[in-house]
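Coordinate inspection notes
Residue-level listing of the chains:
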2 protein chains.
Amino acid sequence: MSSPFDRLHVVLVNTRNPLNIGAAARAMSNFGVSSLRVVNPWEASFREARSAVGAADLLSRAREFASVADAVADCALVVGTTAAGSRELRHPLRRLEQGAGLIRRRLSSPRAGVALLFGSEKRGLSNEDLSHCHWLMRIPTRERHGSMNLGQAVAVCLYELVRDRKAGAARVPREKEAGAAETERFTLLLLDALRDSGYTAPKAAAATEEKVRRLVRRLNLPAGDAETWLGMLRQIGWKTKSEG
Amino acid sequence: MSSPFDRLHVVLVNTRNPLNIGAAARAMSNFGVSSLRVVNPWEASFREARSAVGAADLLSRAREFASVADAVADCALVVGTTAAGSRELRHPLRRLEQGAGLIRRRLSSPRAGVALLFGSEKRGLSNEDLSHCHWLMRIPTRERHGSMNLGQAVAVCLYELVRDRKAGAARVPREKEAGAAETERFTLLLLDALRDSGYTAPKAAAATEEKVRRLVRRLNLPAGDAETWLGMLRQIGWKTKSEG
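Given the structure is predicted, the values throughout are model-derived calculations rather than measurements. (Residues numbered from 1 in each chain as written. Chains lettered and ligands numbered in written order. Predicted model: local features only at pLDDT ≥ 70, side-chain atom pairs only at ≥ 80, totals over all residues. Heavy atoms only, no water.)

Moving on: the pairing of strand β4 (residues 77-81) of chain A. Residues and elements named next belong to chain A. By the criterion of burial, β4 is predominantly enclosed, with five of the five residues buried. Burial along β4 is two-sided: Leu77, Val79 and Thr81 facing one way and Val78 and Gly80 facing the other are all buried. Both β4 and strand β6 (residues 114-118) contribute to a ladder of four bridges, which runs parallel. Looking across to β6, one finds that Leu77 is bridged to Val114. Examined bridge by bridge, β4 and strand β7 (residues 135-138) share three bridges and lie parallel to one another. (Buried < 20%, exposed > 50% of the residue type's maximum accessible area, 1.4 Å probe, protein only. Helix = DSSP H or I, 4+ residues; strand = E, 2+ residues; numbered from the N terminus. Pairing = 2+ DSSP bridges.)

A few words on the environment of Thr82 of chain B. Residue and element names in this part refer to chain B. With respect to the helices and strands, Thr82 occurs in strand β4 (residues 77-82). Look at Thr82 and you get buried, because its relative accessible area is 16%. With 25 residues separating them in the primary sequence, Thr82 and Asp57 have C-alpha atoms 28 Å apart.

Let's shift gears to the pattern of salt bridges. Close approach of charged atoms lets side chains of opposite charge pair. Residue and element names in this part refer to chain A. Enumeration over the complete set of coordinates arrives at 20 salt bridges over all chains. We note a salt bridge from Arg217 to Glu184, for which the minimum N-O separation is 2.9 Å. Taken as a pair, Arg217 in helix α9 (residues 205-217) and Glu184 in helix α8 (residues 180-196) lie far apart in primary sequence, 33 residues in all. Connected through salt bridges with shared partners, the residues Glu184, Glu209, Arg213 and Arg217 form a single ionic network. (Salt bridge = Lys/Arg side-chain N within 4 Å of Asp/Glu carboxyl O.)

Listed per partner, the contact involves 43 residues of chain B and 42 residues of chain A. Carbon and sulfur atoms supply 53% of the area buried between chain B and chain A, which totals about 3,300 Å² over both sides. Across the chain B-chain A interface, the total number found is zero salt bridges. On the surface where chain B and chain A come into contact, there are 22 residue pairs in polar contact (both at pLDDT 80 or more). Residue assignment for the side of chain B that touches chain A shows that the elements contributing at least two residues are α1 (18-31), β5 (93-95), α5 (96-107) and α7 (150-162) of chain B. Per-element tally for the side of chain B that touches chain A: the top contributor is α1 of chain B, with eight residues. Grouping the amino acids of the side of chain B that touches chain A by side-chain chemistry returns 19 nonpolar, 13 polar and 11 charged. (Contact = heavy atoms within 4.5 Å. Buried area = accessible area lost by both parts, 1.4 Å probe. Polar contact = N/O pair within 3.5 Å; in protein donor to acceptor, adjacent residues only side chain to side chain. Nonpolar A, V, L, I, M, F, W, Y, C, P; charged D, E, K, R; others polar.)

The two chain copies are related to each other by a rotation about an axis together with a translation along it. Take chain B, turn it by 180 degrees, move it 0.2 Å along the axis, and it overlays chain A with an RMSD of 0.3 Å. Between the two chains, the operation in question is that of a two-fold axis. Comparing contact sets, 98% of the residues at the interface of chain B also lie at the interface in chain A, consistent with an isologous, same-surface contact. (Least-squares fit on C-alpha atoms with pLDDT ≥ 70 in both.)

Turning next to the sheet that holds strand β3 (residues 63-65) of chain B. All names here are of chain B. Spatially, the seven strands line up as an open sheet ordered β3-β2-β1-β6-β4-β7-β5, and their pairing is parallel. Only two strands of the sheet have a single neighbouring strand rather than two, namely β3 and β5. Neighbour-to-neighbour, the strand axes of this sheet turn through a mean angle of 30 degrees, independent of strand direction. As paired elements, β4 and strand β7 (residues 135-138) share four bridges and run parallel to each other. Directly across from Gly80, in β7, lies its bridge partner Leu136. Each of β1 (8-13), β4, β6 (114-118) and β7 is contacted by α7, which is oriented at about 150 degrees to β6, the strand it contacts most. (Axes fitted to C-alpha atoms, helices over the stretch in contact; angles between N-to-C directions.)

All names here are of chain B. Between helix α8 (residues 180-196) and helix α9 (residues 205-217), the least distance of the axes is 10 Å, while the angle of their chain directions is 135 degrees. Taken together, the axes of α8 and α9 lie oblique to each other. Between α8 and α9 lies a crossing of right-handed hand. Here α8 contributes Thr183, Glu184, Phe186, Thr187, Leu188, Leu190, Leu191 and Leu194 to the contact with α9, which in turn contributes Thr208, Glu209, Val212, Arg213, Val216 and Arg217. (Parallel < 35°, antiparallel > 145°, perpendicular 65-115°, else oblique. Left-handed = near helix turned anticlockwise from the far one by under 90°.)

Mapped onto the elements, Asn30 of chain B comes out in helix α1. Looking at Asn30 of chain B, its side chain comes within polar contact range of the main-chain oxygen of Ser147 of chain A, at 3.2 Å. Once residues within four sequence positions are removed from consideration, Asn30 of chain B is found in contact with Thr141, Arg142, His145, Gly146, Ser147 and Met148 of chain A.

We now examine the nonpolar core. As a rule of thumb, nonpolar side chains are buried together in soluble globular proteins. If you look at the biggest cluster of nonpolar residues, it comprises 84 residues, and the most contacted ones within it are Leu36 and Ile103 of chain A together with Leu36 and Ile103 of chain B. When near neighbours in sequence (up to four residues on either side) are disregarded, Leu36 of chain A contacts Val10, Leu12, Ile21, Ala25, Met28, Leu58, Leu59, Ala62 and Arg63 of chain A. (Core = buried A, V, L, I, M, F, W, Y, C linked by side-chain atoms within 4.5 Å.)

Residues and elements named next belong to chain A. One open sheet accounts for seven strands, arranged β3-β2-β1-β6-β4-β7-β5; its pairing is parallel. For this open sheet the edge positions go to β3 (63-65) and β5 (93-95), each flanked by a neighbour on one side alone. Shown here is a sheet whose adjacent strand axes are inclined to one another by a mean of 30 degrees, direction ignored. Across the sheet, helix α1 (residues 18-31) touches β1 (8-13) and β2 (35-39), and the angle it forms with β2 is around 160 degrees.

Here you go:
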């Protein structure tokens, strides 16, 4: 089945740690992005990565390139990721929330390939790498600790790309609440148990009844749970009655 | 400085891999969430984790608990994370996009603490762990490969909690474009160079001129780059003229 995300290429440049290549591949598999390209990885590290949980297939199909230029040659949009230092001011810099929208729009056109570049763990993308980018994207981390782990950065970027824009805005459907009749039955059973257990002082019975009624209404007893609650109270009621 | 996220507690239950505790701590530091609670970690793994990049301070302040009940005792809302299997149907299950909105709303009230639970790498949260939760939250991963790496799951959840709801919707400010005068100067210099280099057939000069003029307008020459472009074209123009 074809998806717009088939045209998205995750490009890891000069990655050194095989765990990070594996983690990136796992996040890609989690979010349904399948094209992994690696530029000049440590030979050994790339081979070691091929064991990442659930992503072996994706890793075996990963393509290796000698340069960034080769890796992005078929892409109409090239976006670099960065932990915003002063260096990247030469490029337009967009927050992930905004950049992801632009990438999604571009992917919705059937012709365009999009490359999303991630640099090495230590140094990020070099100025030469950045010169291939149309613009840069920054995950909104704290200024004092902006640098993310590579696998986590890939996961967060892909999540922002695939997340459902409408799901966040949708109202949470409230659990259906028990009807008045069930709520009142619950109240009466509770009052019986309270009286039989000696909780209610005979003189204060009316005041207690009102208090308990309000108390029960504030519970918002879910409709689906009402029978269970009534069963439990009935059982407790039999016990308190028989002991009285 | 106090932040609503000071009331958010990331609770790692039965975590086995020290790298994952470290990765969770690093993501917390990246996104400005500082309270880490660990329930029954492998003693050694917890100590080893204290070297995570940029998060040593956060790890040294992490609190250790013997049970989930103890770890969440001061929280008004307890949310479990899951890679949605059948088991969790006993709880309301919300997508991250939606659940994060509810958590943010709760955190905006000064009194309430919120616990966000993550289970062990192998088994996730147990049924006993889940019984302490008000509802469950699921990162929208693919059904066929839903299970995320722990550190990546923490990073994605915290990103969704802190991301700017408005930044995504904001329009990207277009780069200011060069004015008509500069654009026309660019056009004329280009036309000169094309003529002097023999590109333009003398008979087709008028047609070429129109074509080039349209071509240049479609470039959307950025205002800040106009001088550089004019300088380059002037240089090329001198060369083509002197060679003619």
